[in-house]
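Survey of secondary and tertiary structure
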Amino acid sequence: MSDLSTYESFSVSVENRIAHVQFSRPEALNTMTKAFWLELPRCMQEIEASTDARVIVVSSTGKHFSAGMDLGVFTDSKAVPMSGDPGRMAENLRRVVMQLQDTLTSLENVRLPVLAAIHGGCIGGALDLVCAADSRYCTEDAYFTIKETELGMTADVGTLQRLPKLMPEGVVRELAYTGRKFSAQEAKGLGFVNALYPDQEALIAGVMEIAARIAANSPLAVSGCKEMLNYSRDHTVADSLKYMATWQAGMFRPADMMKTFQAKAQKQAPEYDDLFAVKGLFEQ
């Protein structure tokens, strides 16, 4: 099993088949440093490869969930050269932005559901991150903002692409153009977050309860749900129905259903086999 405790940006624990990824730099408002962008996809991969987790909860510590991108990411002259041929500089910057995008897309690519538990400020790049989660929950004092606009740039790692799939487009446009804060109550009313909690303790307890219900279900059925929902978001209904039929033809087996029926008859909770670990090519 990989050591999941050696990350600079967050701590990871796995208990009762729930992986808890908790941002752990409260003194720096959990800003997303260079280490963060490198560590997050590796964390998602290691959870799949080395643990029995069936769901991932992402939360934070301190006053705010995250103040977003650490400016050191874009002031690193090695990653983003600020001199030289303009065409080559542009090609390099495009590639860097796509690599940053891929970091957050790791929340979508992991086959486990990812639940974001948000408190305080969820600002800039942090909003990009939670948009890539499966579901969002927050405290009553939480707030969100597309901060990049106020800083003189266009948000570029996922909010403008994912948020219109999660909220009315006209509202998203207003939020993007103005950069204003929107509250937990507004986010709940727009369907962006699933539920509000009075404080962080209640938030974590509530989200962990939801995670436990997910973890109790067949992991094959749950991963199939995530695959189909992500595919359907980005394709037509006709294409999605065909893909569903193809998936079901290959993945559906009666074993888990029989375990469910037997457990219900015996008034017990069903026990499902774990999915095979996701490994690199030819890894044991």
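Please read these numbers as outputs of a predicted model, since none were measured by experiment. Within each chain, residues carry numbers counting from 1 in the order of the written sequence. The model is predicted, so local features are restricted to residues of pLDDT at least 70 and side-chain atom pairs to those at 80 or more, both for listing and for counting; the totals for chains, interfaces and linings are taken over all residues. Hydrogens and waters are ignored; side-chain quantities use all the structure's heavy atoms.

1. Some remarks on the overall build of the chain
Starting at the N terminus, helices and strands are each numbered in turn, a helix being any DSSP run of H or I of at least four residues and a strand any DSSP run of E of at least two. On a plain count of helices and strands, the chain comes out with 10 helices and 9 strands. Seen through its principal axes, the chain has C-alpha atoms that stretch 65 × 45 × 45 Å. The classification of residues rests on relative accessible area computed with a 1.4 Å probe and restricted to protein chains. Under 20% of the type maximum is buried, over 50% is exposed, and intermediate values are partly exposed. Per-residue burial for the chain yields a buried fraction of 44% across its 284 residues. Looking at the chain alone, contacts between residues at least 24 apart form 70% of all its contacts between residues at least 6 apart. In these tables, accessible area is a Shrake-Rupley quantity obtained with a 1.4 Å probe, and a residue counts as shielded only by the protein chains included in the view. Carbon and sulfur atoms make up 56% of the accessible area of the chain, which amounts to about 15000 Å² in all. Note on contacts: a residue pair qualifies if any of its non-hydrogen atoms lie within 4.5 Å across the two residues.

2. Overview of the sheet that holds strand β5 (residues 121–123)
We call two strands paired when DSSP finds no fewer than two bridges between them. Pairing in this open sheet of 3 strands is mixed, and the strands run β5-β7-β8 from one edge to the other. Looking at which strands have only one partner, the edges of the open sheet turn out to be β5 and β8 (181–183). Neighbouring strand axes in the sheet, compared pairwise and without regard to direction, differ in orientation by 20° on average. With axes taken as lines fitted to C-alpha atoms, and helix axes fitted only over the stretch in contact, angles between N-to-C directions fall between 0 and 180 degrees.

3. Quick word on the environment of A212
Secondary-structure assignment places A212 in helix α7 (residues 200–215). Along the chain, A212 and R54 lie 158 residues apart, while their C-alpha atoms are 9.1 Å from each other.

4. A look at the packing of aromatic side chains
The rule is short: rings of Phe, Tyr and Trp, with Trp giving its six-membered ring, pair when the centres are within 6.5 Å, and they are stacked under 30 degrees, edge-to-face over 60, tilted in between. Counted according to the given criterion, the structure contains 10 aromatic pairs. Each ring, one from Y7 and one from F10, has its centre 5.1 Å from the other, and the planes form 40°; the classification is tilted. Relative to W37, the ring of F36 lies with its centre 5.9 Å away and its plane at 80°, an arrangement referred to as edge-to-face. Using a relative accessible area of 2% as the deciding quantity, one classes F36 as buried. Taking the relative accessible area as the measure of exposure, W37 reaches 4% and is therefore buried. Taken together, the ring pairs connect Y7, F10, F23, F36, W37 and F65 into an aromatic cluster. Should the NZ of a Lys or the CZ of an Arg lie within 6 Å of a ring centre and within 35 degrees of the ring normal, that charge is described as sitting over the ring. Across the ring face of Y143, the terminal group of K181 is positioned such that the distance to the ring centre comes to 4.3 Å.

5. What about the pairing of strand β1 (residues 10–15)?
In terms of strand pairing, β1 meets strand β2 (residues 18–23) through 6 bridges, oriented antiparallel. Paired with S13 across the two strands is H20, which belongs to β2. If you look at the hairpin formed by β1 and β2, you'll find 2 residues sitting between the two strands, and N16 has a positive phi there, around 55°.

6. Concerning a negative patch on the surface
Patch criteria: residues need more than 30% relative accessible area and no salt bridge. Like-charged residues are merged within 9 Å; nonpolar side chains of Val, Leu, Ile, Met, Phe, Trp and Tyr are merged within 5 Å. The term salt bridge refers to a side-chain nitrogen of Lys or Arg lying within 4 Å of a carboxyl oxygen of Asp or Glu. Asp and Glu count as negative and Lys and Arg as positive, but His and the ends of the chain are not part of the count. The location of each charge is read from NZ of Lys, CZ of Arg, CG of Asp or CD of Glu. A cluster of like negative charges, contributed by E140, D141, D199 and E201, occupies part of the molecular surface. Structurally, the position occupied by D199 is in the loop between β9 (195–197) and α7. Given a relative accessible area of 38%, D199 falls into the partly exposed group.

7. Observations concerning the nonpolar core
Take the buried Ala, Val, Leu, Ile, Met, Phe, Trp, Tyr and Cys residues and link them wherever side-chain atoms come within 4.5 Å; each set so joined is a nonpolar core. The biggest cluster of nonpolar side chains holds 52 residues, and the ones touching the most others in it are I47, I56, L129, F144 and F192. In terms of residue count, the dominant contributor to this core is helix α1 (residues 34–50) (6 residues). Here I56 is in contact with A19, V21, M44, I47, V110, L112, P113, V114 and L115, once residues within four sequence places are set aside. Listed in part, the 14 residues of the second largest apolar core include V55, A117, Y197 and I204.

8. Details of the packing of α1 against helix α2 (residues 86–109)
Direction vectors running N to C along α1 and α2 enclose 30°, while the axes themselves pass 9 Å from each other. Considering the angle they form, α1 stands roughly parallel to α2. In terms of crossing hand, the pair formed by α1 and α2 is left-handed. Of the residues in α2, those touching α1 at W37, L40, P41 and M44 are L100, T103, L104, S106 and L107. Basically, the charged four are Asp, Glu, Lys and Arg, the nonpolar ten are Ala, Val, Leu, Ile, Met, Phe, Trp, Tyr, Cys and Pro, and anything else, Gly included, counts as polar. The residue inventory of the contact of α1 with α2, partitioned by class, reads 7 nonpolar, 2 polar and no charged. When describing relative orientation, an angle under 35 degrees is termed roughly parallel and one over 145 degrees roughly antiparallel, while 65 to 115 degrees is termed roughly perpendicular and anything else oblique. Whether a crossing is left-handed or right-handed is set by the direction in which the near helix is turned from the far one by less than a right angle, anticlockwise for left-handed and clockwise for right-handed.

9. So, the pattern of salt bridges
Per the counting criterion, the structure on display carries 16 salt bridges. Salt-bridge contacts for E174 lead to R180; the nearest nitrogen and oxygen are separated by 2.6 Å. For R180, a relative accessible area of 27% corresponds to the partly exposed category.

10. Here we look at empty space enclosed by the protein
Buriedness of a pocket was judged along seven lines, with at least five required to meet protein on both sides within 12 Å; pockets are open sets of points on a 1 Å grid over the protein atoms alone, cavities are sets where a 1.4 Å probe fits but cannot get out, and lining residues have an atom within 4 Å of a point. Grid points are joined across faces, edges and corners, and a volume is the space filled by probe spheres set on the points. A full pass over the atoms with the stated rule returns 1 cavity of 30 Å³ or more. Every residue lining the largest cavity is listed: R54, R111, L112, P113, P219, V222, S223 and L275. For the lining of the largest cavity, the class distribution of residues is 5 nonpolar, 1 polar and 2 charged.

11. Some words on the sheet that holds β2
One open sheet holds the 6 strands; their spatial order is β1-β2-β3-β4-β6-β9, and the pairing between them is mixed. The sheet is open, and its two borders are formed by β1 and β9, each paired with just one other strand. For this sheet, the mean inter-axis angle between neighbouring strands, taken without regard to orientation, is 20°. With 5 bridges joining them, β2 and strand β3 (residues 55–59) adopt parallel strand pairing. Following the sheet pairing, A19 is matched in β3 by I56. The sheet strands contacting α1 are β1, β2 and β3, and the helix crosses β1 at an angle near 10°.

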